[in-house]
Amino acid sequence: MNPSLAALLMRAALAANALRLALTLSCIALGVALAGAVHTVHTSALAEIDRAARAIAGKADIEIRGPRSGFDDVLFAAVAGRAEVAVASPVVELEAAFADRPGALRILGIDPLRAVRLQPAFVADRAMTGAPRASALLEAGTLWLSPAAASRLGAREGDTLRLVSGSSALELRVAGTLPAMDAAGELAVMDIAAAQARFDRIGRISRIDLRLRAGVDAERFRASLAAMLPPGVVASSAAALSGRAADISRAYRVNLDALALVALATGAFLVFSTLALQAARRQQEFALLRALGVTRRGVATLLALEGALIGSLGAAAGTAVGLVGSRELLARAGGDLGAGFFSARNVAFTPDYVALAFIAALGIAMSIGGALWVARAAGRIVVAEALRDRAIDLPTTASASPWPALAFFAAGIPLLFLPPIAGLPLGGYGAITLWLAASVAAVGPSCRALLRVIDPREAAIVSLAMAQVRHLPGHLAASVAGIVVSASLCVAMAIMVFSFRVSLEDWLAGVVGADLYVQSSSGASAGYFSLDEQARIAALPEVRSVDALRQERLALDSHGPPLSLIARPINARILAGFQAEPRAMPGAGAIPVWISEAARDIYGWKAGDRISLPIAGRATPVQVAGVIRDYARTWGAVLIPVEEYRRLTGDTRANDLAIHLREGVDSVHGEAAVRAALPHASALAFEDAAGLRRRSLAIFDRSFAVTYALEAIAIVIGLAGVTASFAALAWSRRREFGVLRFLGLNRREILRLLALEGAATGALGATLGLVSGIAISLVLLRVVNRQSFHWSLTVHWPVAALFALVAAIVGLCAVGARVSGALAVRSEAVLAVKDDA
Amino acid sequence: MTPGKKFEFPRDAGSHPDHRIEWWYVTGQLETKRGPMGFQVTFFRMRNRDAEGNPSRFNAAQLLFAHAALADPDKGRLLHDERSARALPGLVQAMTGDTDVRLDDWVLRREAGAYRARIDAEDFALDLAMAPTQPVLLQGDRGYSRKAPAADHASYYYSEPHLAVKGRIRSGTESLEVQGEAWLDHEWSSELLAEEAIGWDWLGANLEDGGALMAFRMRGRDGSTLWASATSRKPGAAPVVYAANTIRFRTRRSWQSPRTGTFYPVSMDIEIAGALWRADPLMDGQELDARASTGTLYWEGAVRIEGPDGARGRGYLELTGYAERMKF
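Described in the following lines is the structure provided in the data block. (Residues numbered from 1 in each chain as written. Chains lettered and ligands numbered in written order. Predicted model: local features only at pLDDT ≥ 70, side-chain atom pairs only at ≥ 80, totals over all residues.)

### Re the overall build of chain B
Part 1 of the reasoning: In terms of regular secondary structure, chain B is built from 0 helices and 23 strands.
Part 2 of the reasoning: Against the 2.2 N^0.38 benchmark of 20 Å for 328 residues, chain B shows a C-alpha radius of gyration of 19 Å, consistent with a compact globule.
Part 3 of the reasoning: Overall, the C-alpha framework of chain B stretches about 55 × 50 × 45 Å when taken along its three principal axes.
Part 4 of the reasoning: Sorting the 328 residues of chain B into buried and exposed places 51% on the buried side.
Part 5 of the reasoning: Of the contacts made within chain B by residues no fewer than 6 positions apart, 57% connect residues no fewer than 24 positions apart. (Helix = DSSP H or I, 4+ residues; strand = E, 2+ residues; numbered from the N terminus. Rg over C-alpha atoms; globule rule 2.2 N^0.38 Å. Buried ≥ 20, exposed ≤ 12 C-beta atoms within 10 Å, placed from the backbone. Contact = placed C-beta atoms within 7 Å.)

This is the structure:
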């Protein structure tokens, strides 16, 4: 076709359908924007974490780290003295809660004289390491803030910070800020000896950073180092470290990306509906073009070009919106999309342009795909008929064969049994994709099957509506497919989230068994209760008993995240709360531990196994007494009886206390009594059982907020597709409506007919969506969740929510069909019939 | 600190941790197949009272600083490196009993009577054995060296002139056999610099006839001489100590550092009891920025010495407090 003619035709087509094309374009844009924004926020957050890790690691090649409580600092001189080592820098790492305001401060206790050679940013001025000024750098009462910490705290040189150590407060003066630490996030550095003394860490360090001499093989050295490291202390190469944030959050990020892409895919059905509508209006034009000698190919090219144009404009707009939106999101809310993986507040905008280009290309490809689908149908027009008869439907009908749907479904089944690949449930995602395809392929056949059972001798309007739906034209089938996809996504997510939430509630009800919970300092490692303080609280007349909880993190290997060790009193009630399997307390013998499902999956342990845990710097043999559910820690947890832990470590401190109050004492009085018993403990965080449960569920809801938003958008795009289809149908059926008017139906009845058809279409889409959504939810619960997060969840059905969802889809389809029909059949019926004559 | 302390070796060659500051300082001239070079190695110990009492292994009660330099005329500048660290047993320590100072892999210690310096820096390395050929030279009043008119600014100070050097160095990537002659100073004090002093000029020289010459002056803020002292020893004879009022330092030529803009009197006439000694630098560019270790920006260079009656020698000239006041 002549290019200028093609351009002319396209311009005319676009001008005539400006509003609808704008809708399509904006839906493509929305899908692209969503996927782009979600991805950009994540890449930015990861880049920020990576920058911070690099800023903190500096020029280090190797990092040696141990459990959260640290390891014996005698190791430092032994490692630093090795001939392969050029620079070694010891670090004490801790979190100290503020005594007089909420939050905590991450503190690195460093040796500035050594750190300066690995991490120059840790020292304000290189010349300070010289003899005349070194003592100021090593002062015990001061700390230095990163710019991010200084700005959040509003702290300046000379200010005093009050921090919690143990259960009492200490004061540290701000010696200044470290301008070169602006990439490191919020943290403070102070002298290592001062940090050890003031935060009760004498003899312990958390980390040793190493730079090797030129020419030393880092991997070989790491292997030889392993022999001198005590159990629970591991050496990792610095290159491996920066990827850890990416590894830890990968499953979560891929889940969100997948959701965003489903929203984008729903847009493809919409593109098809809109272009089909256009094609319906322009078939006379196509027929004329064909009669004038334009080939079938030429018409297809014209449509594909239109699709590409819409797709490109939508993708461009969507990419721009995604970039602006993610930038705003990062500036206002930081890099966390709710799951708590990325807590950094000041996240620099770091888009991944390759991925954005890929997402945009997907948007364009979907648009072109939709256009070609229409073009194939338009190509089948019988030219002579179309020229004469301007109101026939596009001859695309949904296939009536059930075999494609069954084939897709069957192909998905074996994928359910694949193990995770690189920690990702790729088999589960594959099954979900195939089952979505199956439900789309099932639209045609199930429509016929459904209508076969409906009695056609009802009111005339109903049987007319049913007859229409029975022969579901091609583009309506496509928009029903859009409904099916978005509805099944919503149904699946609703069931998954509901099951998860109810499982969590049940678990919390079992686990949160005490009346009052006290943290020495909220979430910070530097706070604890001494044995004496625990005894003082236990002796209070208001208190029936106190459970001491001690949390430790163990490094089991050099690459994975640490394993949580929770020392607490364990009894039958606690085991029931954690849903331990088997539940019985073991008899005397080996030290019993209970492992979480994540620990079981990650480390391959099972009940009855004798394993070795690096507790207190020794390889300690323990026996797995059972597997527990633990929705709080993704990377594995181990419960150990607190008395065994104390015997092994001599560590009698407690991070948290679970207090059972006496009959008749409420949590307010209990809290007052505990506060009175520990007058110096200013930063205690109290929570009663209800509060703790509420807070845990609030965290859960926040982590699914983005998921809900993505589902809602997928539904909106799906519904937009339905309205577009009805508008197309209404246009192509002007003659039919004219005939119906002559037969005595009034305008309202025609619109009722359309609303009924809409409702029927919606019901069909929603039903299919419900069925496939239920199937997919089981994949999410049993495969995707298990493989991503290692959690077993009991299935719970959100019956009311599902009913409301189906009702909403049916209602919205009815309204949508009626409204778009009303817009399309404004023209007089007489004209429509005359037209036909 | 008082005069008349009885020096005992090797004990006094070791560390004196009760004193606030202490240093071992070696300078020397080397012969290589590429020609003459100069080197210096300084270990500086500082007691940090603020940190005492902290039970941590990392407590910073004793700090060690070290810097080392190689003057390779082919390079036209000093190759220099420095280290700072807190004492940590086995890794960073200044031992009592005999010279044995180490800061990670930098070491100065006595092995079988000879000093051994091992320095491995980025641009250069030194591995030198330095054997005494003469008795220890006690400076000032039997090792008690006053630094100001008031008696409370003083140090204990001895030197080991004419150390016979043998070893191997690396300049850049080039490894060279060397031999030569060095001078070691060991000095400790709790109160060195008077309030009104901004720096000092110091010269230590091995004379060709086996004699040794040391002279220093403390300068006030206005450039005046606050205090001076000199010691000379002819081979086999007892040292002669010269009173402050018999010593004059005069600038013959100044050199401006292109890097810091500081003027240094790199060529000096030193008059000691009427005898004129002239010090001329091996090369001008021997400014040394050790602010990140010993805390000083100064000029410290290999010099040639010419004295009365054709006396000649080689030594090191140290010029401090020209860029900023010395702080100790």
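### With respect to the interface of chain A and chain B
Part 1 of the reasoning: Chain A puts 27 residues into the contact, and the matching count from chain B is 29 residues.
Part 2 of the reasoning: Elements with a minimum of two residues in the side of chain A that touches chain B: α3 (74-80), α4 (112-118), α5 (131-137) and α7 (192-198) of chain A.
Part 3 of the reasoning: The element contributing the most residues to the side of chain A that touches chain B is α5 of chain A, with 5 residues.
Part 4 of the reasoning: When the residues that make up the side of chain A that touches chain B are grouped by side-chain class, the tally is 14 nonpolar, 6 polar and 7 charged. (Nonpolar A, V, L, I, M, F, W, Y, C, P; charged D, E, K, R; others polar.)

### Regarding the sheet that holds strand β5 (residues 142-145) of chain A
To summarise the sheet geometry, strands pair through backbone hydrogen bonds and adopt either a parallel or an antiparallel arrangement.
Residue and element names in this part refer to chain A.
Part 1 of the reasoning: The 9 strands lie next to each other as β6-β7-β5-β8-β4-β3-β10-β1-β11, forming an open sheet whose pairing is mixed. At either margin of the open sheet sits one strand with a lone partner, and together these are β6 (160-165) and β11 (234-237). Between one strand and the next, the sheet's axes are offset by a mean angle of 35°, whatever the strand orientation.
Part 2 of the reasoning: As paired elements, strand β3 (residues 85-97) and strand β4 (residues 104-110) share 7 bridges and run antiparallel to each other. (Pairing = 2+ DSSP bridges. Axes fitted to C-alpha atoms, helices over the stretch in contact; angles between N-to-C directions.)

### Focus on the nonpolar core
Across soluble globular proteins, you tend to see nonpolar side chains buried next to one another.
Part 1 of the reasoning: Val638 of chain A together with Leu64 of chain B are the most contacted members of the largest nonpolar core, which has 335 residues in total.
Part 2 of the reasoning: When residues in this core are grouped by element, the largest group, 21 residues, is from helix α19 (residues 474-511) of chain A.
Part 3 of the reasoning: With sequence-adjacent residues up to four places away left out, Leu64 of chain B is seen in contact with Phe43, Arg45, Ala85, Ala87, Val92, Ala94, Val101 and Leu103 of chain B.
Part 4 of the reasoning: Judged by nonpolar contacts, the second largest core, of 17 residues, contains Ala514, Phe529, Ile659 and Leu684 of chain A. (Core = buried A, V, L, I, M, F, W, Y, C linked by C-beta atoms within 7 Å.)

### A few points about the sheet that holds strand β18 (residues 637-641) of chain A
All names here are of chain A.
Part 1 of the reasoning: Pairing is mixed across the open sheet formed by 9 strands, whose spatial order is β16-β17-β15-β18-β14-β13-β19-β12-β20. Strands at the two margins of the open sheet, each flanked by one partner only, are β16 (610-615) and β20 (685-688). Strand after strand, the sheet turns through a mean of 30° between neighbouring axes, direction not considered.
Part 2 of the reasoning: Where strand β12 (residues 516-519) lies against strand β19 (residues 656-661), 4 bridges are found, and the strand directions are antiparallel. Following the sheet pairing, Tyr517 is matched in β19 by Ala658.

### Some details on the environment of Ser273 of chain A
Part 1 of the reasoning: In this fold, Ser273 of chain A is placed in helix α10 (residues 244-281).
Part 2 of the reasoning: What makes Ser273 of chain A buried here is the crowd of 32 C-beta atoms within 10 Å.

### Notes on the packing of helix α16 (residues 426-441) of chain A against helix α28 (residues 747-789) of chain A
Residue and element names in this part refer to chain A.
Part 1 of the reasoning: Put simply, α16 and α28 touch, their axes get as near as 9 Å, and they point 175° apart. Considering the angle they form, α16 stands roughly antiparallel to α28. On α28, the residues that touch Gly427, Gly428, Ala431, Ile432, Trp435, Leu436 and Ser439 of α16 are Leu768, Ser772, Ala775, Ile776, Val779, Val783, Val784 and Gln787. (Parallel < 35°, antiparallel > 145°, perpendicular 65-115°, else oblique.)

### Overview of helix α12 (residues 296-333) of chain A
Part 1 of the reasoning: Taking 1.5 Å as the rise per residue, α12 of chain A with 38 residues should run 56 Å; its terminal C-alpha atoms sit 52 Å apart, in good agreement.
Part 2 of the reasoning: Of the residues trailing α12 of chain A, Gly334 of chain A is marked for its positive phi of about 80°. (Expected span 1.5 Å × (residues − 1).)

### Concerning the pairing of strand β15 (residues 212-220) of chain B
Residues and elements named next belong to chain B.
Part 1 of the reasoning: Within β15, 8 of the 9 residues are buried, leaving the element largely enclosed by the surrounding structure.
Part 2 of the reasoning: Note: strand β14 (residues 197-207) against β15, 9 bridges, orientation antiparallel. Bridge assignment links Leu203 to a residue of β15, and that residue is Ala215.
Part 3 of the reasoning: Bridge count between β15 and strand β16 (residues 225-233): 8 bridges; the pairing is antiparallel. Its bridge partner being in β16, Ala212 is matched across the sheet by Arg233.

### Observations regarding the pairing of strand β14 (residues 563-568) of chain A
Residues and elements named next belong to chain A.
Part 1 of the reasoning: Where burial is concerned, most of β14 is hidden: 5 out of the 6 residues are buried.
Part 2 of the reasoning: In this sheet, β14 lies alongside strand β13 (residues 543-554) in antiparallel orientation, the contact comprising 5 bridges. Residue pairing in the sheet places Gln551 in a bridge with Ile566 of β14.

### Thoughts on the environment of Leu210 of chain A
Part 1 of the reasoning: Residue position: Leu210 of chain A is located in strand β10 (residues 207-212).
Part 2 of the reasoning: Between the alpha carbons of Leu210 of chain A and His796 of chain A there is a distance of 51 Å; along the sequence they are 586 residues apart.

### Some points on unusual backbone geometry
Part 1 of the reasoning: Cis geometry marks the peptide bond from Glu581 of chain A to Pro582 of chain A, where omega comes out at -10°.
Part 2 of the reasoning: Mapped onto the secondary structure, Pro582 of chain A falls in the loop between α21 (572-577) and β15 (591-596).
Part 3 of the reasoning: Here the residue pair Phe9 of chain B and Pro10 of chain B is connected by a cis peptide bond, since its omega of 10° sits within 30 degrees of zero.
Part 4 of the reasoning: Position of Pro10 of chain B among the secondary structure elements: in the segment before β1 (21-32).

Shape is all these values report; function is a separate question.
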